[in-house]
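# Close look at the chain arrangement
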Amino acid sequence: MAQIHDLPSELVETIIDFLYNDIRTLKMCALVCRAWLMLSRYHLFYNLYVSASMLHKLKLQLSMDPTVLAPVQALHLYTPPVPYAHQSMTDNPIHPELLVILFRSLPLLRTVKLSTIPVGPGDAELQCNRLPLRLLDICGLLKAETLCRTIAIFSRVELEVL
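Residues numbered from 1 in each chain as written. Predicted model: local features only at pLDDT ≥ 70, side-chain atom pairs only at ≥ 80, totals over all residues. Heavy atoms only, no water.

### Details of the overall build of the protein chain
Helix and strand counts for the protein chain stand at six helices and four strands. Reading the helices (α) and strands (β) of the protein chain from amino to carboxyl end gives α-α-α-β-α-β-α-β-β-α. Across the 162 residues of the protein chain, 35% fall into the buried class. The long-range share in the protein chain, meaning contacts at least 24 apart out of those at least 6 apart in sequence, stands at 75%. (Helix = DSSP H or I, 4+ residues; strand = E, 2+ residues; numbered from the N terminus. Buried < 20%, exposed > 50% of the residue type's maximum accessible area, 1.4 Å probe, protein only. Contact = heavy atoms within 4.5 Å.)

Next up, the structure:
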């Protein structure tokens with residue numbers, strides 16, 4: 001009797017590629033067998049949305065299993081809306097080293113979107129070298145010094161010309 005892992009790889013790729021937008025089904029496909037896991041992860045983690053408060057957990061996940069996030073090509077970092085006017089998004093700035101570690105551990109990363117991510121002061125020498133970004137989108141930073149610190153992280157990024 002034929003087993004599920006005996007299906008031709010081209011057929012499996014076609015099926016999983018067809019399901020690229022069906023998150024629930026892709027999660028189930030990832031549980032079928034090892035061959036389906038990597039194909040499913042490609043679509044599940046193509047776009048990754050992470051709140052600023054979850055960055056440390058993401059770093060921990062990468063230290064435990066660096067391959068799980070290897071398919072990430074677009075990373076969207078954001079700070080959730082602050083419910084009270086007396087709180088500021090800059091109360092808990094993110095250390096630049098954490099961002100650099102994150103960016104360097106995502107080999108396929110091509111798009112970075114930072115929405116209201118406050119970057120705190122850090123090592124000026126700390127930069128993302130050889131990160132082949134196609135798009136860097138920074139929005140929602142109200143202070144010029146925060147914007148300058150954020151841009152400084154990417155000062156040596158090689159931009160691809162399309």
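### Observations concerning helix α4 (residues 55–64)
Residues L55, L58 and L62 constitute the buried set of α4. One face of α4 carries all of its buried residues, which in axial projection span an arc of 55°. In α4, the exposed residues that point more than 90 degrees away from the buried face are H56, K57, S63 and M64. Here the buried face of α4 lies against β1 (47–51), β2 (74–78) and α5 (96–104). (Arc of directions from axis to C-beta.)

Geometry only, nothing functional implied.
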